[in-house]
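If you want the building blocks of each chain, they are given just below.
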Amino acid sequence: MTYTSTQQPRKAAKTFTRVEAILDFGNGDVKYLIRKQGNSEWIGGKFPSLVAQVSKSEAFSVTFPGKEAIKYVVGKEAKHYTCTRTGDTADGKINNALPLTVEVIRQTIGFDTNIALDIIAVMPSVKQYGAALKAALKPLSGGHINIVIPGDELMGERDTFANIAVNKIVCQLEGHNAARVADVKPGKDAYIVDIGSRT
């Protein structure tokens, strides 16, 4: 069921909240660690790396300058629509990076204010994915993309308008610091194995 909002949307504040994020656009799940500036604790979690482009009004939308809004359903709810998973293709990490990033913020921080985001993206090959991922998220730099999160009309909520401005994107190899945090005392030989959902 879809709803058409008759209320005026609640406009985004002009101030930006600084947020740091470590993102892994995994083949099966998106894993993340995220925190607001001033907080010492990280919020961690994951959700299925599924993305569907839809026409339903309760989906969140992303509007690029000079173009019509694109509406997305992300995560387990996307299973109800024709969707793609990050691991479906070699370019899945890149093609779905923008809506997956928006969904991480929506689930953890929300859009009570605009978001100024610093990202560490981990990946199996920086050479293969690094430049393409930065290019995929480049439209977010400067906060020129409008994000609209639909309110629940039955609860009397208004739509929320917000912007995400990506300041920095740093790409690192997956497992880059795994040896440092592993609580083991290896003997002569030791191996760290990353068993992913596809490889």
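To keep things clear, this report deals only with the structure shown in the data block. (Residues numbered from 1 in each chain as written. Predicted model: local features only at pLDDT ≥ 70, side-chain atom pairs only at ≥ 80, totals over all residues. Heavy atoms only, no water.)

Right, let's talk about empty space enclosed by the protein for a bit. A probe as big as a water molecule, rolled over the atoms, marks out the empty space that is left. The final tally for this structure, using the stated rule, is one cavity of 30 Å³ or more. Along its surface, the largest cavity is lined by Phe25, Lys93, Ile94, Val122, Met123, Tyr129 and Leu133. Contributing elements (two or more residues each) for the lining of the largest cavity: helix 1 (92-95), strand 8 (114-123) and helix 3 (126-137). (1 Å grid on protein atoms, 1.4 Å probe; cavity = no way out; pocket = protein on both sides within 12 Å on 5 of 7 lines; lining within 4 Å. Points joined across faces, edges and corners; volume = space filled by probe spheres on them. Helix = DSSP H or I, 4+ residues; strand = E, 2+ residues; numbered from the N terminus.)

Position of Gln37 among the secondary structure elements: in the loop between strand 2 (29-36) and strand 3 (43-48). Of the residues examined, Gln37 reaches a relative accessible area of 59% and is grouped as exposed. For the pair Gln37 and Arg18, spaced 19 residues apart in sequence, the C-alpha to C-alpha distance is 5.3 Å. (Buried < 20%, exposed > 50% of the residue type's maximum accessible area, 1.4 Å probe, protein only.)

Taking 1.5 Å of rise per residue, the 12 residues of helix 2 (residues 97-108) would be expected to cover 16 Å, and the 17 Å separating its terminal C-alpha atoms lies within 8% of that figure. Extensive coverage of helix 2 is indicated by the burial of 10 of its 12 residues. Listed in full, the buried residues belonging to helix 2 are Ala97, Leu98, Pro99, Leu100, Thr101, Val102, Glu103, Val104, Ile105 and Thr108. (Expected span 1.5 Å × (residues − 1).)

To continue, consider the nonpolar core. Residues Ile105, Phe111, Leu117 and Ile164 are the most contacted members of the largest nonpolar core, which totals 39 residues. Setting aside chain neighbours within four positions, we find Ile105 in contact with Val19, Ile34, Gly110, Phe111, Ile115, Leu117 and Ile164. Judged by nonpolar contacts, the second largest core, of six residues, contains Leu50, Val54, Ala59 and Val73. (Core = buried A, V, L, I, M, F, W, Y, C linked by side-chain atoms within 4.5 Å. Contact = heavy atoms within 4.5 Å.)

A separate point is the sheet that holds strand 3. The strand order 3-2-1-8-10-9-5-6-4-7 describes an open sheet built from 10 strands, whose pairing is mixed. Whereas interior strands pair on both sides, the edge strands pair on one side only; in this sheet they are strand 3 and strand 7 (84-85). As paired strands, strand 1 (residues 16-25) and strand 2 are joined by seven bridges and run antiparallel to one another. Across the sheet, residue Ala21 finds its bridge partner in strand 2, namely Ile34. Strands in contact with helix 2 are strand 1, strand 2, strand 3, strand 4 (50-54), strand 5 (60-63), strand 6 (70-74), strand 8, strand 9 (146-149) and strand 10 (160-173); relative to strand 2, the strand with the most contacts, it is inclined by about 50 degrees. Strands in contact with helix 3 are strand 1, strand 8 and strand 10; relative to strand 10, the strand with the most contacts, it is inclined by about 160 degrees. (Pairing = 2+ DSSP bridges. Axes fitted to C-alpha atoms, helices over the stretch in contact; angles between N-to-C directions.)

Once that is clear, we can look at the environment of Val30. Position of Val30 among the secondary structure elements: in strand 2. Accessibility expressed as a relative area gives 0% for Val30, which makes it buried. Linking Val30 and Lys93, residues 63 residues apart in sequence, is a C-alpha distance of 9.8 Å. Non-local contacts of Val30, meaning those with residues more than four positions away in its chain, are made with Asp24, Phe25, Gly45, Lys46, Phe47, Ser49, Leu100 and Val104.

In this section: the packing of helix 2 against helix 3. Packed helix pairs are characterised by how far apart their axes lie and by the angle those axes make with each other. With their axes 8 Å apart at the nearest point, helix 2 and helix 3 run at an angle of 65 degrees to one another. Considering the angle they form, helix 2 stands roughly perpendicular to helix 3. When you trace helix 2 past helix 3, the crossing you get is right-handed. Contacts from Ala97, Leu98 and Thr101 of helix 2 reach helix 3 at Leu133, Ala136 and Leu137. By residue class, the composition of the contact of helix 2 with helix 3 is five nonpolar, one polar and no charged. (Parallel < 35°, antiparallel > 145°, perpendicular 65-115°, else oblique. Left-handed = near helix turned anticlockwise from the far one by under 90°. Nonpolar A, V, L, I, M, F, W, Y, C, P; charged D, E, K, R; others polar.)

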